[in-house]
Amino acid sequence: TDADTDLLIVGSGFFGLTIAERAATQLGLKATIIERRGHIGGNAYSEIDPETGIEYHKYGAHLFHTSNERVWEYVNQFTSFTNYQHRVYATHNGEVFPLPINLGTVNQFFRAAYGPDEARALIAEQAQELGGKEPENLEEKAISLIGRPLYEAFIKGYTAKQWQTAPTKLSPEIITRLPVRYTYDNHYFKDTHEGLPVDGYTPWLERMADHPNIEVRLNTDFFDESQPLNKTAMAGKVPIVYTGPIDRYFDHTLGALSWRTLDFEKEVKPTGDFQGCAVMNYSDEDVPFTRIHEFRHFHPERDYQTEKTLIMREYSRFAGGGDEPYYPVNTPEDREKLEGYRKLAEAEPNVLFGGRLGTYKYLDMHMAIGSALSRFDNVVRGWFA
Ligand code: FAD
Ligand code: UDP
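All values derive from a computational prediction rather than experimental measurement.

On to the packing of aromatic side chains, then. Scanning all chains against the criterion turns up 31 aromatic pairs. For the ring pair Phe64 and Trp72, a centre distance of 6.4 Å and an interplane angle of 20 degrees mean the geometry is stacked. In terms of burial, Phe64 and Trp72 fall into one category: buried. Three or more aromatic residues link up through ring pairs in this structure, and these residues are Phe222, Phe223, Tyr242, Tyr249, Phe250, Tyr341 and Phe353. A cation over an aromatic ring shows up here: Arg260 above the ring of Trp163, its NZ or CZ 3.9 Å from the ring centre. Just above the ring of Phe289 sits the side chain of Arg313; from NZ or CZ to the centre is 5.8 Å.

Omega for the bond connecting Leu99 with Pro100 falls within 30 degrees of zero, at -15 degrees, which places this linkage in the cis form. Locating Pro100 in the fold gives a position in the loop between β7 (95–99) and α3 (103–109). Located in the positive-phi region is Asn93, a residue other than glycine, with phi close to 55 degrees. Within the secondary structure layout, Asn93 lies in the loop between β6 (88–92) and β7. Residue class for Asn93 comes out exposed when judged on its relative accessible area of 63%. The phi dihedral of Gln164 is positive, around 45 degrees, even though this residue is not glycine. Its relative accessible area of 40% is what places Gln164 among the partly exposed residues.

Right, let's talk about the site of ligand 2 for a bit. Residues in close proximity to ligand 2 total 15 residues, the closest being Phe154, Thr159, Trp163, Tyr188 and Asn281. Between Thr159 and ligand 2, the recorded distance is 2.9 Å, taken from a side-chain N or O atom to an oxygen atom. Here an oxygen atom of ligand 2 and a side-chain polar atom of Trp163 are 2.9 Å apart. Coverage of ligand 2 by the protein amounts to 93% of the 520 Å² it exposes when considered alone. Within the residue set of the shell around ligand 2, elements represented by two or more residues are α5 (138–163) and α6 (173–176).

So, about the site of ligand 1. Close to ligand 1 lie 33 residues, the nearest being Glu35, His62, Leu63, Leu363 and Met365. At 3.2 Å, a backbone N or O of Arg36 approaches a nitrogen atom of ligand 1. Separating a nitrogen atom of ligand 1 from a side-chain N or O atom of Asp221 is a distance of 3.0 Å. Looking at the shell around ligand 1, the elements that each hand over two or more residues are α1 (14–27), α11 (355–359) and α12 (365–383). Here the shell around ligand 1 is composed, by residue class, of 17 nonpolar, 10 polar and six charged.

Among the structural elements, Arg381 can be located in helix α12. If sequence neighbours within four positions are ignored, Arg381 has contacts with Gln26, Leu27 and Phe376.

Turning our attention to the sheet that holds strand β16 (residues 351–353). Reading across the sheet, the five strands line up as β9-β2-β1-β10-β16 and stay open at both edges, with parallel pairing between neighbours. The open sheet is flanked by β9 (214–217) and β16, the only strands paired with a single partner. Across the sheet, the mean angle from the axis of one strand to that of its neighbour is 15 degrees, orientation sign disregarded. Relative to strand β10 (residues 240–242), strand β1 (residues 7–10) is paired through three bridges, and the arrangement is parallel. Counterpart to Val10 in the pairing with β10 is Tyr242. Sheet contacts for α12: β1, β10 and β16; angle to β16, the most-contacted strand, approximately 170 degrees.

Before going further, it helps to spend a moment on the sheet that holds β7. Read across the sheet, seven strands follow the order β7-β6-β12-β13-β14-β11-β15 without closing on themselves; strand pairing throughout is mixed. Edge positions in the sheet fall to β7 and β15 (327–328), since each has one partner strand and no second. Examined bridge by bridge, β6 and β7 share five bridges and lie antiparallel to one another. Residue pairing for β7: His92 is matched across the bridge by Glu95.

This part takes up helix α4 (residues 116–127). With 12 residues, α4 should reach 16 Å at 1.5 Å per residue; the first-to-last C-alpha distance of 16 Å fits that figure. When we look at burial in α4, the residues that qualify are Ala119, Leu122, Ile123, Gln126 and Ala127. Relative to the axis of α4, the buried residues are bounded by an arc of 135 degrees and lie together on one face. Exposed residues pointing more than 90 degrees away from the buried face of α4 are listed as Asp117 and Glu125. Those residues of α4 that are buried are in contact with α3 and α5.

All right, on to the pattern of salt bridges then. A complete count under the given rule lists 24 salt bridges for this structure. Between Arg317 and Asp263 there is a salt bridge; the shortest N-O distance is 2.7 Å. Taken as a pair, Arg317 in strand β14 (residues 309–318) and Asp263 in strand β11 (residues 259–269) lie far apart in primary sequence, 54 residues in all. Judged by its relative accessible area of 29%, Arg317 falls in the partly exposed class.

We now examine the packing of α1 against helix α7 (residues 201–209). Relative to each other, α1 and α7 sit at 35 degrees, their axes nearing to 8 Å. Of the residues in α7, those in contact with Phe14, Leu17, Thr18 and Glu21 of α1 are Trp204, Leu205, Met208 and Ala209. Residues of the contact of α1 with α7, tallied by class, amount to six nonpolar, one polar and one charged.

Rules used in this analysis
Residues numbered from 1 in each chain as written. Chains lettered and ligands numbered in written order. Predicted model: local features only at pLDDT ≥ 70, side-chain atom pairs only at ≥ 80, totals over all residues. Heavy atoms only, no water. Phe/Tyr/Trp six-rings, centres within 6.5 Å; stacked < 30°, edge-to-face > 60°. Buried < 20%, exposed > 50% of the residue type's maximum accessible area, 1.4 Å probe, protein only. Lys NZ or Arg CZ within 6 Å of the ring centre and 35° of its normal. Helix = DSSP H or I, 4+ residues; strand = E, 2+ residues; numbered from the N terminus. Near = heavy atom within 4 Å. Polar contact = N/O pair within 3.5 Å; in protein donor to acceptor, adjacent residues only side chain to side chain. Areas by Shrake-Rupley, 256 points an atom, 1.4 Å probe, with all protein chains shown as cover. Nonpolar A, V, L, I, M, F, W, Y, C, P; charged D, E, K, R; others polar. Contact = heavy atoms within 4.5 Å. Pairing = 2+ DSSP bridges. Axes fitted to C-alpha atoms, helices over the stretch in contact; angles between N-to-C directions. Expected span 1.5 Å × (residues − 1). Arc of directions from axis to C-beta. Salt bridge = Lys/Arg side-chain N within 4 Å of Asp/Glu carboxyl O.

Laid out in structure tokens, this is it:
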């Protein structure tokens, strides 16, 4: 029959692929992955731009980094990594500054030559406007970390564009992803391991699925009753790993969870180098996009032609019905709905909800893979014990 599989996996992102690979190689199971899109890999998918020959990340720039040794060892089975280290710059008021905010940013901004102690003292003095109060929102948290002048230059406008929500209404955690450094170190990430897959993301993703026990069906939606592996037909037949949106699984019965989506605008420029770096953030609110990616800079080791370059502008907005969900907005109302959906999910027999959409959590790639490895051990193995 069509249901001739031991395990059904909905979604071929890193979470679903990791579960499928483990099920096939560790337990000898037959795993079938269904994927709504016309390609595997979820948001980490990349392809070669036909006009320039440059690999670009279709759903936004993806930088791999991890300090998790188990994940690092696991991913190296499928790809090797370049020694790329991510660095980001910001254009503010017609001038370019290094990010994340470091001593170089501080000194350029204040036209000064402060040492680390002087810069710390200056920021501490500026943070006094909070009067020692525990920061309760993104704005207060940012002021406590970098003072108001730097906050207004690099955070306020960018955050307004990215979240379309007042910084006083956003959670302070959002900003703690960004380090502040009193040295000139402008590496974006501080993990033990960092790099980009030598021959691109898609060959890596394809190698994970390359096993005789794994079948991938593209253009196949779990909720489409005209395809045989749909939710109604498969209920109770085989265990299911579901990596789509958790609210969609339950027909939004408790209301829709809110997401931000992104719009990407690609353009080929007739030059070998447009901006001199991979990612340039635009801090000011009068520039409508948040950042520009220039993909050739992710692979300086490659022999790309130098006649043309590919850039991609990124715009951010709230997701509507037909939009791709990218970032959980995670308001207090969302968290309340999520609690309800989690209870429903726990009561669903032999269904594992995983990954970014299935848990409504912003997960980096290494987190999605790490979570799949442990939930394979803790949940999936138990189904077949
Ligand atoms: P996804 O990759 O989203 O895969 C889910 C899959 O399920 C999708 O292919 C979807 O089409 C499919 N699906 C959904 N519903 C159905 C259905 N009903 N039927 C069939 N299939 C369905 N991580 C990093 O480590 N570094 C970065 O620099 C980075 N940058 C990012 C930038 C952006 C803009 C975004 C959005 C994410 C970024 N990430 C980054 C995170 C990374 O994309 C995720 O960690 C990873 O994609 C998570 O994998 P996943 O399998 O959970 O989800
Ligand atoms: N941020 C900012 N200015 C910047 C970069 C980031 O204000 O130039 C803030 C913004 O609120 C953003 C958060 O820091 O949502 C996290 O930034 P990160 O670069 O990690 O965002 P991501 O790459 O996940 O979109």
